Structures are given as C-alpha cells and as structure tokens.
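Residue strings, one per chain:
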Amino acid sequence: MRRLLLAVVLLGAAAASATAQQATISVDIARTIGDIDRNLYGVFMEPIRNSMDGMLYDPGHPLANQDGFRTDYIDAAKELQLTNMRWPGGNYTASYHWQDGIGPKDQRPVRRELAWNVLDRNRVGTDEWLALASAMRVDNSICINGGTGTIEEARAWIEYVNSPAGSYWADQRVKNGHPEPYQVKYWHLGNEVDGEPWQAVASTSQEYVRFAKNAANIMQFVNRGCQTCAQPTFIVMGSSWIIHNGVPTDWAQWNWDVIDGLIAQRNVEYIALHRYWGSDLTPTIRGDRSPEVFLGDWAMHLDEYITTTANQIQIAKVKHGLRDKPFHIAFTEWSPGGNNQLAVLAGALHFNTFLRHADVVKRSNYTMFTSLLARDRDGTTYRNPFFYMFKAYSTNVAGKALDVHVQSGTFDGKLYKSIPYLDVSASWAEAGKTLVLNVVNRHMSEAVATDISSATGNFAGDAAVSVINADDVNAAYTAANRASYAPATSTVRAAGKSFRYAFAPHSFTQIKVRVE
C-alpha cells in the first residue's frame, strides 16, 4: 500500500505529461454558489440491534466514560469536528415512545422493537442521548415518532427537553437530574413516513402534511412565550421510497405535496431526503457496484434527485409569495455502504454533490456514526480510508462553495451518458485566502493530467496535496493494514495563474492552495 501511495504522489507531481487523459479545472473565487453550512458534517445514529446498546453504549467496556459511552467513538467525533447528530432514528422511531426511556434504568420497560425485531431495554433514552451529544460536542437533531406517535406525545417531549422547571414534563427532567433545559433547536417531524414496504406504520402525503402541521404547531406553542427557551426549527420528511425491491414510486409528487403543503408553516425550514447509494437505481439496475454504475450513474442520479427537489422548493416559494423564507434540503441519511476504495470515492462524490448545491443543501447526516470507525474481530476500532476522506471535508472544506468549470474525458454508465471522469468541488475561505479542490478521478486505469487555473487572483506558493487510493478498488480494508491508511501527502508548485497536476486512477485527491 505504501508503495502505491508513493507512486501516486510521484505520478501527480512529475508524470502529468505522460498520461493519455487530459483535463482542465477553471476556478474563479468570485463565482460562488453559496455558503457552506457546517451542518453538512453531521451523523445519524439509530439503535439498530446492538449498534447502540452493546457497542456505542457499553458501560462495562474499558473505554467507557462515566455515562457508559465508548470514548474511542467520542474522540473520533471530535477529530472529525462533527457538528450535529440526528437521533434516535430512523425506522426505530415509528414505534418508539420516548417516555419509556427516562427515569431510573432499572424501572424502564422492555419493549418489542418493531423495526429491527429485537427487545429494546431502553437503557439509552433522551437524557443519555443528550449526554452523548454533549461529549461529542455536537448539536442535537431529534426525530419524533411519526408512525404510532401522537402530537400530544411530541408536545410533551419538547417540554421535557426545552422547557424551564415548573410544568409537569419539565419537572420530570429536573427529577431525573437535569435542572436546566437542554435547548435543542432542530426537530424532525417523523422518518420515512412514505416507506410502506418497510415501515410498521406509513402515511399518504396528505396524511403526513396534516400530521406535520399539527405537530409543528403544538410543539412551537409549548415555549412560544419563553424568552430564554430554544425555539424549534422543524425538518419535514421528503420521500425515501424512490424504488424499493424493484418497485418505483412517484417520489417527486410526494416531495411536491410536502413542500407545497408545509413551506408556509411557521418554523418549518427543511425537507429531509434519504437515498442509499448502490441499492436499487432502476427496476433493472439493482445492487450493481460496477464502477460505471456505482461511481457514474449513482452520482448523476443523486444530482438529479437534489436538483428536482431544489426546483420544487423554488416553485413553491414563488407560488406562496415566500421568496425570502429559509427553506432548504437536509440530506439526513446517506451512505454508499461498502468497505473499500469504491466506497471512499462514492463518499467523496456525495460531498462534492452537496457542495455543488451549497445554496440549498444545508445539512447532511452520514449513516451511521459508528460506521465511521472500522472494527477488527475483537471490536477494537481503527481509522480506515473512509474516515480520512470524511475528515478531509469536515476539517478543511468551509467558507463559500465555488462554481468550478471542468472539462475532461467522459464515459457512459448504464443509465446516464457522457459522465465526466473528473468530479470536482471547491471551497474558498476568505479569512485564510485558502482554496480547496476536491477531485475524484473515476477512470479505473488512467491518470488525468489536468491544468488548474485561477480566473481571479494568483496561486501563491506550494499547494498541499492529499491522496487516498488503493491498488484494488474492490479489496476490503482490514485491521492488519491499518497503519497504511492515512492519506499520502505531498506538495506541488502553484505560483501564478495555473499549475498542472495528474490525478491518479480511482483516486480521491484534495488540494489546498492560497490565492492572492
């Protein structure tokens, strides 16, 4: 692995002219798309079987903190500079009743958990989730029960979490050892409520809009007269049923019904989207992880999904006379799955797509938090290349997203045609005069020699280059090779208006350079 990474660095720095593929990347720091919201670097966590109770929450583990949560995961969250965590689900929320998870743990009921078909001991409830988020230094993003739950249950939950002492549920929080309100701002109004094939309880779009309106109203009413209380911002649920087991649905109609029905609702500012890369793309393209589909078709589909929803938001704003109302996309569940270089490249393609839509995509939550660390057979965690890819974005990409012009060779997927080999996003941080380029080379056998130019300002000094790559894009990462997984780093001279760099085959490359 080290030999490959060294070869990648040498190729980028010295062998650009010897490659068959050529490209240009034109950057203009004055051509901005929008502000990059730090909430793009969030995670999703759900108690799927033992992923919470038994893994992340394990009071008997040598690495457990005073609250029972493993510090290796908490330290990873801090290293990644994560910003928010969506909890407690997920499909889990469709039959979850939050009152089961408060008070003394030995008095909490054991329930039959319907989504994942296990017994839920309720050892991790509201106060424990909030303690975990505090240890991780992230904001909370709480998802209410939009299945079997009632609006009264939702009203009581926000009172428990955010109200000052003096009312019943707030006093229950005080009784449980937490005298001060938690001040949680973000609340999700249900999860995947259109998912009839896999949810215990599902809704039509009309039923959901009515539920969400009532839930948002009553939850906003709870603390509306409190000057010191966090006032809620709501995230409503878009379609998650694009296609399931080969059966497609009219996801665009669902999203339109939700946007049109709720954009005027007070404090509703986001529509949540979910799409799991690599599953069913069409009724006939299912589970296909060939590079042309997994890195090509899926990237184009994701962009199409976001673009369509963004256009619907704009139409609804005009229709309702709400051009200035904040209403954005929150991509609250995403993951390419897998444990190899293809997954790394797909993860980078997700972030690149979100950044190219930075004007409308303002939040995202990777599924799941515990998946950001790999584990060996005895449960010891380690950082694999996917972790380092995520870190490259979450710790370096900030400020403004830039509208980058890319010309490169193309390839055909099975669904989309003329897909560029190079997929690029860029950010500009004015304070540090720093340009960051994030480049995925989707060519499986050839490097792409690229002229990188700046239209406004000059490149200054050496550019810092970080590369994540592997010999075999399908080879699983292993604990035995953990020492070799950090990105390969180098520098390339980048003075004046342009410089040249060759992006190695099947690589993710991040370049940081000053522009003056």
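Residues numbered from 1 in each chain as written. Predicted model: local features only at pLDDT ≥ 70, side-chain atom pairs only at ≥ 80, totals over all residues. Heavy atoms only, no water.

Points about the overall build of the protein
No. 1: Of the regular secondary structure elements, the protein holds 10 helices and 27 strands.
No. 2: Taking 24 Å as the expected radius of gyration for a compact globule of 516 residues, we find that the protein reaches 23 Å, a close match to that expectation.
No. 3: Dimensions of the protein, computed from C-alpha atoms along their principal axes, come out at roughly 70 × 55 × 50 Å.
No. 4: Here the protein, with 516 residues, has 58% of them falling under the buried criterion.
No. 5: A separation of at least 24 residues holds for 77% of the contacts in the protein among residues at least 6 apart in sequence.
No. 6: Taken as a whole, the protein presents about 19,700 Å² of accessible surface, with 49% of it coming from carbon and sulfur.
No. 7: Separation of charge centres in the protein, based on 48 positive and 51 negative side chains, amounts to 3 Å. (Helix = DSSP H or I, 4+ residues; strand = E, 2+ residues; numbered from the N terminus. Rg over C-alpha atoms; globule rule 2.2 N^0.38 Å. Buried < 20%, exposed > 50% of the residue type's maximum accessible area, 1.4 Å probe, protein only. Contact = heavy atoms within 4.5 Å. Areas by Shrake-Rupley, 256 points an atom, 1.4 Å probe, with all protein chains shown as cover. Lys, Arg positive; Asp, Glu negative; His and termini not counted. Charge placed at Lys NZ, Arg CZ, Asp CG, Glu CD.)

Side note on the state of the cysteines
No. 1: In total, this model carries one disulfide according to the counting rule given.
No. 2: A sulfur-sulfur distance of 2.2 Å marks the disulfide that ties C226 to C229. Since a negative S-S torsion denotes a left-handed disulfide, the C226-C229 link at about 75° is right-handed.
No. 3: A residue is classified by how much of its surface remains accessible, and C226, at 17% relative accessible area, is buried. (Disulfide = S-S within 2.5 Å.)

What to know about the pairing of strand β22 (residues 434-441)
No. 1: Buried residues dominate β22, accounting for seven of its eight residues.
No. 2: Two elements, strand β21 (residues 422-429) and β22, share eight bridges in a ladder whose sense is antiparallel. For L422, the partnering residue across the bridge sits in β22 and is N441.
No. 3: Here β21 folds back onto β22, and the loop between the two strands holds four residues, one of which, K433, carries a positive phi near 50°.
No. 4: As paired elements, β22 and strand β27 (residues 507-515) share eight bridges and run antiparallel to each other. Note on β27: the bridge partner recorded for V439 is T509. (Pairing = 2+ DSSP bridges.)

Description of helix α5 (residues 168-175)
No. 1: Within α5 the residues assigned to the buried category are W169, A170, Q172 and R173. Each buried residue of α5 lies within a common arc of 155° when the element is viewed along its axis, so the set occupies one face. Set apart from the buried face of α5 by more than 90 degrees, the exposed residues are Y168 and K175.
No. 2: Along its buried surface, α5 packs onto α3 (126-136) and α4 (151-162).
No. 3: Positive backbone phi, approximately 100°, marks G177, located one or two places after α5. (Arc of directions from axis to C-beta.)

Some remarks on the environment of F331
No. 1: Position of F331 relative to the elements: it lies in strand β13 (residues 328-335).
No. 2: A relative accessible area of 0% means that F331 is categorised as buried.
No. 3: Taking the C-alpha atoms as reference points, F331 and G42, separated by 289 residues in sequence, lie 9.8 Å from one another.
No. 4: Among residues more than four places away in sequence, those in contact with F331 are L273, H274, R275, L302, Y305, I306, F354, R363, S364 and N365.

Re the side chain of D280
No. 1: Its location among the elements puts D280 in the loop between β12 (268-276) and α8 (291-319).
No. 2: D280 gets classed as buried once you look at its relative accessible area, which sits at 10%.
No. 3: Looking at D280, its side chain comes within polar contact range of the main-chain nitrogen of N245, at 2.8 Å.
No. 4: Leave out the neighbours within four places in its chain, and D280 touches I243, H244, N245, G246, R275, I285, R286 and W298. (Polar contact = N/O pair within 3.5 Å; in protein donor to acceptor, adjacent residues only side chain to side chain.)

Digging into the packing of helix α2 (residues 71-80) against helix α10 (residues 385-396)
No. 1: Where α2 contacts α10, the two axes come as close as 9 Å, and the packing angle between them is 45°. The orientation of α2 relative to α10 falls into the category oblique. Between α2 and α10, the contacting residues are A76, E79 and L80 on the first element and F387, F390, K391, S394 and T395 on the second.
No. 2: Among the residues making up the contact of α2 with α10, the classes are represented as four nonpolar, two polar and two charged. (Axes fitted to C-alpha atoms, helices over the stretch in contact; angles between N-to-C directions. Parallel < 35°, antiparallel > 145°, perpendicular 65-115°, else oblique. Nonpolar A, V, L, I, M, F, W, Y, C, P; charged D, E, K, R; others polar.)

Details of the nonpolar core
No. 1: Among the nonpolar cores identified, the biggest contains 125 residues, and M85, M136, W187, L189, Y208 and F369 are the most heavily contacted of them.
No. 2: Formed by 27 residues, the second largest nonpolar core is a distinct cluster that contains L402, W428, I452 and F503. (Core = buried A, V, L, I, M, F, W, Y, C linked by side-chain atoms within 4.5 Å.)

Structural notes on α8
No. 1: Here α8 contains 29 residues, and its C-alpha end-to-end distance of 41 Å stays within 8% of the 42 Å for a straight helix at 1.5 Å per residue.
No. 2: Just past α8, the residue G321 takes up positive phi, approximately 65°. (Expected span 1.5 Å × (residues − 1).)

Looking at the pattern of salt bridges
No. 1: One pass over the full model with this rule turns up 22 salt bridges.
No. 2: Between D403 and R31 there is a salt bridge, with the nearest N and O atoms lying 2.7 Å from each other. With a gap of 372 residues between them, D403 in the loop between β17 (400-402) and β18 (405-408) and R31 in the loop between β1 (21-27) and β2 (32-35) connect regions that are remote in the sequence.
No. 3: You can call D403 partly exposed: its relative accessible area is 33%.
No. 4: Between D35 and K400 there is a salt bridge, and its shortest N-O distance comes to 2.6 Å. Linking D35 in strand β2 with K400 in strand β17, this pair joins segments that are 365 residues apart in sequence.
No. 5: What makes D35 partly exposed here is its relative accessible area of 43%.
No. 6: Each of D53, R121 and R123 takes part in one network of salt bridges that share partners. (Salt bridge = Lys/Arg side-chain N within 4 Å of Asp/Glu carboxyl O.)

Quick notes on the packing of aromatic side chains
No. 1: Going through the model one piece at a time under the given rule, you end up with 34 aromatic pairs.
No. 2: Relative to F390, the ring of F351 lies with its centre 5.2 Å away and its plane at 80°, an arrangement referred to as edge-to-face. Here F390 lies in helix α10 and F351 lies in helix α9 (residues 341-356), a separation of 39 residues in the sequence. For the pair F351 and F390, a shared accessibility class is recorded, and that class is buried.
No. 3: One cation-aromatic arrangement involves R363 over Y270; the distance from NZ or CZ to the ring centre is 5.7 Å. (Phe/Tyr/Trp six-rings, centres within 6.5 Å; stacked < 30°, edge-to-face > 60°. Lys NZ or Arg CZ within 6 Å of the ring centre and 35° of its normal.)

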